[in-house]
Amino acid sequence: MKRWFNLTTPSGLICAVCVMFAFGFMLVPLYDVFCEVTGLNGKTKGQYQGDVITSNSERMITIQFVANRNANLPWDFSPQQEEIALKLGERKQTSFEIKNTYDRAVIAQAIPSVSPAVAADYLNKVECFCFQKQPLEASESKQFPLVFFLDPALPEHITKLTLSYTLFDISETATASAR
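Just so we're clear, the structure is a prediction, and the values are computed from it rather than from any experiment.

Criteria and cut-off values
Residues numbered from 1 in each chain as written. Predicted model: local features only at pLDDT ≥ 70, side-chain atom pairs only at ≥ 80, totals over all residues. Heavy atoms only, no water. Helix = DSSP H or I, 4+ residues; strand = E, 2+ residues; numbered from the N terminus. Contact = heavy atoms within 4.5 Å. Pairing = 2+ DSSP bridges. Axes fitted to C-alpha atoms, helices over the stretch in contact; angles between N-to-C directions. Salt bridge = Lys/Arg side-chain N within 4 Å of Asp/Glu carboxyl O. Buried < 20%, exposed > 50% of the residue type's maximum accessible area, 1.4 Å probe, protein only. Phe/Tyr/Trp six-rings, centres within 6.5 Å; stacked < 30°, edge-to-face > 60°. Lys NZ or Arg CZ within 6 Å of the ring centre and 35° of its normal.

A. Highlighting the environment of isoleucine 63. Relative to the elements of secondary structure, isoleucine 63 occurs in strand β1 (residues 60-69). Sequence spacing of isoleucine 63 and valine 114 is 51 residues, and the spatial spacing of their C-alpha atoms is 9.9 Å. Isoleucine 63 has contacts with Glu82, Glu83, Ile84, Leu86, Phe148, Leu150, Leu161 and Leu163, leaving out every residue within four places of it along the chain.

B. Quick peek at the sheet that holds strand β5 (residues 106-115). Pairing is mixed in the open sheet, where five strands are placed in the order β3-β1-β9-β5-β7. The sheet terminates laterally at β3 (83-87) and β7 (134-136), the two strands that pair on one side only. The average angle at which neighbouring strand axes cross in this sheet is 30°, direction not considered. Looking at chain direction, β5 and β7 are connected through three bridges and run antiparallel.

C. Region of the structure containing the pattern of salt bridges. Going through the model one piece at a time under the given rule, you end up with four salt bridges. The salt bridge involving arginine 59 is made with glutamate 156; its shortest N-O contact spans 3.7 Å. Of this pair, arginine 59 sits in the loop between α1 (2-38) and β1 while glutamate 156 sits in the loop between β8 (141-150) and β9 (160-169), and the two are 97 residues apart along the sequence. You can call glutamate 156 exposed: its relative accessible area is 62%.

D. Main features of the sheet that holds strand β4 (residues 92-99). On the basis of which strands lie adjacent, the open sheet formed by four strands has the order β2-β4-β8-β6 and antiparallel pairing. Only two strands of the sheet have a single neighbouring strand rather than two, namely β2 (76-79) and β6 (123-128). Neighbour-to-neighbour, the strand axes of this sheet turn through a mean angle of 25°, independent of strand direction. Across five bridges, the pairing between β6 and β8 is antiparallel. Within β8, the position partnered with cysteine 128 by the bridge is leucine 146.

E. How the structure looks around the packing of aromatic side chains. Summed over the entire model, instances satisfying the criterion amount to eight aromatic pairs. Ring geometry for phenylalanine 65 and phenylalanine 96: centres 6.0 Å apart, planes at 85°, overall edge-to-face. With a gap of 31 residues between them, phenylalanine 65 in strand β1 and phenylalanine 96 in strand β4 connect regions that are remote in the sequence. Accessibility classification places phenylalanine 65 together with phenylalanine 96 in one group, the buried group. Between phenylalanine 96 and tyrosine 165 the ring centres are 5.2 Å apart and the planes differ by 75°, which places this aromatic pair in the edge-to-face class. Residue phenylalanine 96 is found in strand β4, and its partner tyrosine 165 is found in strand β9; the two are separated by 69 residues along the sequence. Its relative accessible area of 0% is what places tyrosine 165 among the buried residues. Here the aromatic residues Phe65, Phe77, Phe96, Phe129, Phe144, Phe148 and Tyr165 are joined through ring pairs into a cluster of three or more. For the cation-ring pair, arginine 104 lies above tyrosine 102, with the distance from its terminal atom to the ring centre recorded as 4.5 Å.

Shown next, in the form of structure tokens:
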């Protein structure tokens, strides 16, 4: 009995390590599927490619804008307006101001999120700074536009939504992929 335990312990540990590695490797795709099925996470769609949907609706929706930055990116980042009211189907433009407070050039990427998550399917971004990497030189400031509209099919119970952007420093990744 003792010999069996000693022979299987190394192989059992190797199997456990392989299972943990496979689980860790599959975690991101599994999370994406989970979020898509349940409607959680508030991930927004990519750039809207169709015609702007018009509506005769008088229903007003309030959108709050939130600007966050990763702790490793000490940039100044803020929305031009913290809140906008618009009608369903109405195209709106606003912008976010970004200032590189580093003494060197940095490349950042903005990741959007919508709350409540179910509203993400109805927010259509025609133009967004989140679609591209954003390089800024040392102490440089820029205004980045956001053009969007809400689909008139937005559920009736939603009267306010929050569009949040988080900036991440991707300088190392962007530089490595350019090589």
